[in-house]
Amino acid sequence: MSRFLEVAHVTKRFRGLTAVDDVSFGLDKGAIYAIIGPNGAGKTTLFNLLAGVYAPDAGSIAFEGKPIAGLAPEKICQAGIARTFQIVRPFPGLSVLENAKIGALLRHRDPLDAEQAAGETLRRLDLWDKRRQLAASLTLPDRKRLEMARALATEPKLLLLDEVMAGLRPTETDRIVSILKALAAESGLTVLLIEHVMRAVMALAERILVLHHGAAIAEGEPATVVRDPLVLECYLGAEALE
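Residues numbered from 1 in each chain as written. Predicted model: local features only at pLDDT ≥ 70, side-chain atom pairs only at ≥ 80, totals over all residues. Heavy atoms only, no water.

This part covers the domain arrangement of the protein. Assigned domains within the protein: domain 1 (1–80 + 159–242) and domain 2 (87–155). Here domain 1 and domain 2 have C-alpha centroids that lie 24 Å from each other. Each side of the interface is counted separately: domain 1 has 19 residues, and domain 2 has 13 residues. Roughly 1400 Å² of surface becomes buried between domain 1 and domain 2 when both sides are summed, with 68% attributable to carbon and sulfur atoms. If you sort the residues of domain 1 by the area they bury against domain 2, Arg 175, Ile 179 and Leu 183 come out on top, with a joint share of 32%. Remark: the boundary between domain 1 and domain 2 carries 2 salt bridges. Between Glu 186 and Arg 124 there is a salt bridge; the shortest N-O distance is 3.5 Å. For the pair domain 1 and domain 2, the number of links is 5 residue pairs in polar contact (both at pLDDT 80 or more). Within the residue set of the side of domain 1 that touches domain 2, elements represented by two or more residues are α2 (73–79), β7 (158–162) and α6 (170–187). With 8 residues, the single largest contributor to the side of domain 1 that touches domain 2 is α6. Residues belonging to the side of domain 1 that touches domain 2 are distributed by class as follows: 11 nonpolar, 4 polar and 4 charged. (Domains from an automatic or database assignment. Contact = heavy atoms within 4.5 Å. Buried area = accessible area lost by both parts, 1.4 Å probe. Salt bridge = Lys/Arg side-chain N within 4 Å of Asp/Glu carboxyl O. Polar contact = N/O pair within 3.5 Å; in protein donor to acceptor, adjacent residues only side chain to side chain. Helix = DSSP H or I, 4+ residues; strand = E, 2+ residues; numbered from the N terminus. Nonpolar A, V, L, I, M, F, W, Y, C, P; charged D, E, K, R; others polar.)

Here it is as structure tokens:
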């Protein structure tokens, strides 16, 4: 039986640089899976391959048993994969609700239906009370959650989260962790996240993939991976176990 998402021997090169080097992993439906590693490890490039920004130079990517490598981003989004970005860039002159509505229009062609669906997404992200505010007026934690809301409004089966907790205080991180746990439990959403905040990774992820210089150096359950000597040397450091 095929995995919900299957990445097999994927490689991406940019001239002389191998950004992703023969990476393989798989996700089961409803799982929360994390990708960690130092800056420049190839994490966001891997996301860009999954989301259709780039086509791999080698290897294959299958989603629900169908090949998606090389498809345009809009085709991949229509198939059920949505993603956020490290640098959040909402439409600043639009309201919070209008930003979410843009995502909802993918599945709901009627504007009123799209607005209703967007509103439901904002409620789940604790943004309903700010629906009429301009996106430009939001704090960083609220912009992070709006970035998630825009992706979730497309009603994805797989959500790719690129450092949505970077720069947040511990209480704000815990709030997003709680939201993601509830989403996974209630809707069966599958989540793949890139994250440096190990507090969040350890609270959420069932399995972790560690990248270094584009290659996978460890993969497995969090408690095992964070004690891997190579992971400690290349990324976490011995203080991670203190």
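In space, the 6 strands of this open sheet follow the order β6-β7-β8-β3-β9-β10, with mixed pairing throughout. Looking along the sheet, the strands with just one partner apiece sit at the ends: β6 (81–83) and β10 (215–220). Strand-to-strand, the axes of this sheet are offset by a mean angle of 15°, without reference to chain direction. One ladder, built from 4 bridges, connects strand β3 (residues 32–36) with strand β8 (residues 190–194); its direction is parallel. Across the sheet, residue Tyr 33 finds its bridge partner in β8, namely Leu 192. (Pairing = 2+ DSSP bridges. Axes fitted to C-alpha atoms, helices over the stretch in contact; angles between N-to-C directions.)

Time to look at the sheet that holds strand β2 (residues 17–27). Overall, antiparallel pairing links the 4 strands, which are arranged β2-β1-β4-β5 in an open sheet. Here the strands that pair on one side only, and so sit at the sheet edges, are β2 and β5 (66–67). Note that strand β1 (residues 5–14) and strand β4 (residues 58–63) share 5 bridges and pair antiparallel. Bridge pairing links Glu 6 to Ala 62 in β4.

What follows deals with the nonpolar core. Grouped together as the largest cluster of nonpolar side chains are 48 residues, with contacts concentrated most on Leu 122, Leu 146, Leu 161, Met 165, Leu 180, Leu 193 and Ile 208. With 6 residues, the single largest contributor to this core is α6. When residues are assigned to domains, this core turns out to be shared by domain 1 (1–80 + 159–242) and domain 2 (87–155), each giving three or more. Dropping the residues within four chain positions of it, Ile 208 is found in contact with Tyr 33, Ala 34, Ile 36, Val 201, Met 202, Ala 218, Glu 219, Gly 220, Pro 222 and Val 225. (Core = buried A, V, L, I, M, F, W, Y, C linked by side-chain atoms within 4.5 Å. Buried < 20%, exposed > 50% of the residue type's maximum accessible area, 1.4 Å probe, protein only.)

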